Amino acid sequence: MAIIILLAFGLIVSGVSADHNEDSTILTTPGAGWLVTLDIASGEFNQSVIMGVNESGTRGYDSGLDIPAPPDPPGPAPQKAVYFTCDNLFFDRLSSDFKPLVTEANPAEFWDLVLKSNEPISVYWDTSGITLPILQLTWTNGSVTESMRVVPGTNLPAGTYSVNISAVLGTTPPPPPFPVANFTASPTSGKVPLMVNFTDQSTGDPAEWLWNFGDNSTSEEPHPTHTYTTPGTYNITLTATNAGGSDTLERDGYITVTAPSPSPNTTAVLEFNVNHNRGTSGDVLMRGTGDCRIGYYTGVHNSPQSEGTINGSISFLLDAAEVVHQSVFPASYAEINGTEVRWNFPEITEIKPGTTLSTSAATSTFIPRESGVTIERRTNRTQFSDAGVQDAVFNITFDTIHPDGLWGRIEAANTSDVSASFIPGTVQTDLPLFGLNEGLHRIEYRINTTMIEAGNQYFISAAVAVEPTQPVMFAPSIGVWETINFTRTAAPEGTMVTVPHILLPDNVSNVSFSSATPCTWEMARNEHIISSITQRSDLVVPSPPSAAFTATPTSGAAGFTVRFNDTSTGEPTSWFWDLGDGTNSTDQHPVHTYTTPGTYSVRLTASNAVGSDTVTEQALIIVHIRGDFNGNGRVDIGDVAKVAWMAIGLMEPDPAANFKGDGEVDSADAARIAYYYVGKIPAL
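Before going into details, it helps to say that this report is about the structure given with it.

The rules we used
Residues numbered from 1 in each chain as written. Predicted model: local features only at pLDDT ≥ 70, side-chain atom pairs only at ≥ 80, totals over all residues. Heavy atoms only, no water. Pairing = 2+ DSSP bridges. Helix = DSSP H or I, 4+ residues; strand = E, 2+ residues; numbered from the N terminus. Axes fitted to C-alpha atoms, helices over the stretch in contact; angles between N-to-C directions. Salt bridge = Lys/Arg side-chain N within 4 Å of Asp/Glu carboxyl O. Buried < 20%, exposed > 50% of the residue type's maximum accessible area, 1.4 Å probe, protein only. Contact = heavy atoms within 4.5 Å. Parallel < 35°, antiparallel > 145°, perpendicular 65-115°, else oblique. Nonpolar A, V, L, I, M, F, W, Y, C, P; charged D, E, K, R; others polar. Phe/Tyr/Trp six-rings, centres within 6.5 Å; stacked < 30°, edge-to-face > 60°. Lys NZ or Arg CZ within 6 Å of the ring centre and 35° of its normal.

For the rest of this paragraph, the subject is the sheet that holds strand β11 (residues 183–186). In spatial order, the strands read β11-β13-β16; together these three strands make up an open sheet with antiparallel pairing. Edge strands, defined here as strands with exactly one partner in the open sheet, are β11 and β16 (225–228). The sheet shows a mean angle of 25° between the axes of neighbouring strands, direction not considered. By the bridge criterion, four bridges tie strand β13 (residues 194–200) to β16 in an arrangement that is antiparallel. Each residue of the ladder has a partner; that of L194, found in β16, is Y228.

The following block contains the structure:
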């Protein structure tokens, strides 16, 4: 092995750089001298050559040269393994050396030494110890066009190499020495989640760093911290860079992460549902066969018996074809890459005992399915301009019953136009239930399928508090889940759980969940037919009202009272009534007593902010003379006879015949009309 050591001003310098920019200008001082000593050793052969110019620049010189160069090329068994030749006139086989001084008049000098070796060589070289003026030296393999990267201890094969030496006067500082990448990490092994602190120990003053942590994560920090969430063995790579170049150090299998034993107190279920969705925005959804849109639901339920909370690096993964990107929920945590959807939840996310965290996505795939569920939605009112209460009733009929399970929910969700919530304590139902969970915006119920009678209609109802920000048509939603296929199985313990491929539909390739919390897992796979009526929360386009009303009664003796009821549509806000006898009212539902016999027409004008409408009912109210039961415009003997018949039960009593006002038509009333008829009293 041949050893080449470059000494600068008598100091041995280790470390190598060979691929920096050969065009860089080197800062020198006019009038300064320089020396370079090249020491060559191979076996017993030892040769030193000193070259350069003295401080006054009058002569270049060499010393120690005591042998000529061997023949070129070397013989088959040369006595000396390493020798030099020279490619310019300044060096005659290294037997003499003369270089002029680098000055403003002579700003640059260059020459090459050619090293040939028929043995492998190892080079140790660095210019960091040379003071001004600095020489730029580049080791180049003569068989290639680019300079080689040579580090301490690098073994080079036998061949021809050149040492390119230049002394250049300029004003730009020399490029820094190449960095040598190095680092440490602590700890280098442990259980998930494992947080590792990496420390850069590169030499050469790097200005940039690129770390690869082996798990598809990177960092550009000099001393990064990284947390491993998945068991495995990881290769670590650091590339350190400065203005002179870069260096990369890779340590294989440097970090080892193991899975901790799961906590026996944290048990959870991964639920994966394949849902066949059918529905309507109307008020009736009939049973039958139709195309159902495929959707996927993935949830993790932390058992109520668990003592631990699931948290840390919570992530769901769904890899499925034809996912509709706009349907992905929750969208704010989702990353979509081709067919893969990954939800990465914030670090503060927790799944406490008894709670569920879930994700969902719909597809553009439709499959025909048959459902035996019929749903009808009824409400007492749907239009709201101001806050009010809505009574919502849902009628449900099951023509077929799936024993794997039936459950449902009704929802009143807030939108930008309306706030809606169920009024606590108002839920009523005749469904046979295993249980009911009542919330402000969602009411869930699980049906006892053994108690359901096919073809029987059941109901569930609740009162809804509705507060619109502008006029809306509102009605809550309902959904009924028929479980048509159910599988439950144990899954491996740990921080990650994956649905087995045998349980996945054809167009789904992966479903999984991971967190930093080890759990004892179960896995549930369900297939549902979901029948739903969607929530209605449509804005009402303002329009003038359409006036309408009813009246009861519409005829009677003078002094009878009529109740008017406004039935106008279009949300009127004011009313004006002309009751026909010179009396007006602005009440919505006025009550009026007519005291003068006659026939009266009634007119209603209903108004809102957009306009008004008027309706008139001609000859609606007929007021008779009191006691004129024959309707001939006077009280005569026939009327007296009718009241008498009422008093003795021969005729149905007419409340108008109760002249004394005690609620009963009797002989006193018969006598009163007789006295009036013969002129004994002035009025009835």
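We now examine the sheet that holds strand β46 (residues 591–594). Taken in spatial order, the three strands make up an open sheet running β41-β43-β46, and their pairing is antiparallel. The sheet is open, and its two borders are formed by β41 (549–552) and β46, each paired with just one other strand. With direction set aside, neighbouring strand axes in the sheet form an average angle of 25°. Note that strand β43 (residues 560–566) and β46 share four bridges and pair antiparallel. Its bridge partner lying in β46, R563 is registered against V591.

Attention shifts here to the pattern of salt bridges. This structure, assessed with the given rule, holds 17 salt bridges. With its nearest N and O atoms 3.7 Å apart, the salt bridge here joins R409 to E411. Exposure remark for E411: the relative accessible area of 22% places this residue in the partly exposed category. Between K660 and D662 there is a salt bridge; the shortest N-O distance is 3.2 Å. Owing to a relative accessible area of 45%, D662 belongs among the partly exposed residues under this scheme. Among the charged side chains, a network of salt bridges with common partners joins R409, E411, R442 and E444.

On to the environment of T554, then. Among the secondary structure elements, T554 is positioned in the loop between β41 and β42 (555–557). Classification of T554 by relative accessible area gives partly exposed; the value is 31%. The sequence separation of T554 and T599 amounts to 45 residues, and the corresponding C-alpha distance is 10.0 Å. If near-sequence neighbours (up to four positions away) are discounted, T554 is found in contact with F560, L620, I621 and I622.

Right, let's get into the environment of W575. In this fold, W575 is placed in strand β44 (residues 574–578). With relative accessibility at 15%, the residue W575 sits in the buried group. Expressed as a C-alpha distance, the spacing of W575 and Q588, which sit 13 residues apart in the sequence, is 5.9 Å. Ignoring any residue separated from it by four or fewer positions in sequence, one finds W575 in contact with D566, S585, T586, D587, Q588, L604, T605 and A606.

We now examine the packing of helix α1 (residues 637–648) against helix α2 (residues 667–677). The N-to-C vectors of α1 and α2 enclose an angle of 170°; their axes lie 8 Å apart at closest approach. As summarised for this structure, α1 and α2 are arranged roughly antiparallel, according to the angle between their axes. Across from I637, D639, V640, V643, A644 and A647 in α1, the residues of α2 making contact are S667, D669, A670, I673, A674 and Y677. Here the contact of α1 with α2 is built from residues that sort into nine nonpolar, one polar and two charged.

A few words on the packing of aromatic side chains. Summed over all chains, the structure comprises 18 aromatic pairs. On the numbers, 5.5 Å between centres and 55° between planes, the contact of F198 with W211 is tilted. Here the residue F198 occupies a position in strand β13, and W211 occupies one in strand β14 (residues 208–212), the gap between them amounting to 13 residues. Using a relative accessible area of 1% as the deciding quantity, one classes F198 as buried. Between the aromatic rings of F564 and W577, the centroid separation amounts to 5.6 Å while the plane-to-plane angle is 50°, which identifies the pairing as tilted. Separated by 13 residues along the polypeptide, F564 in strand β43 and W577 in strand β44 bring together distant segments of the chain. The class of W577 is buried, set by a relative accessible area of 0%. Through a chain of ring-to-ring contacts, three or more aromatic side chains come together here, namely F183, F198, W211, F213 and Y254. One cation-aromatic arrangement involves R251 over F183; the distance from NZ or CZ to the ring centre is 4.5 Å.

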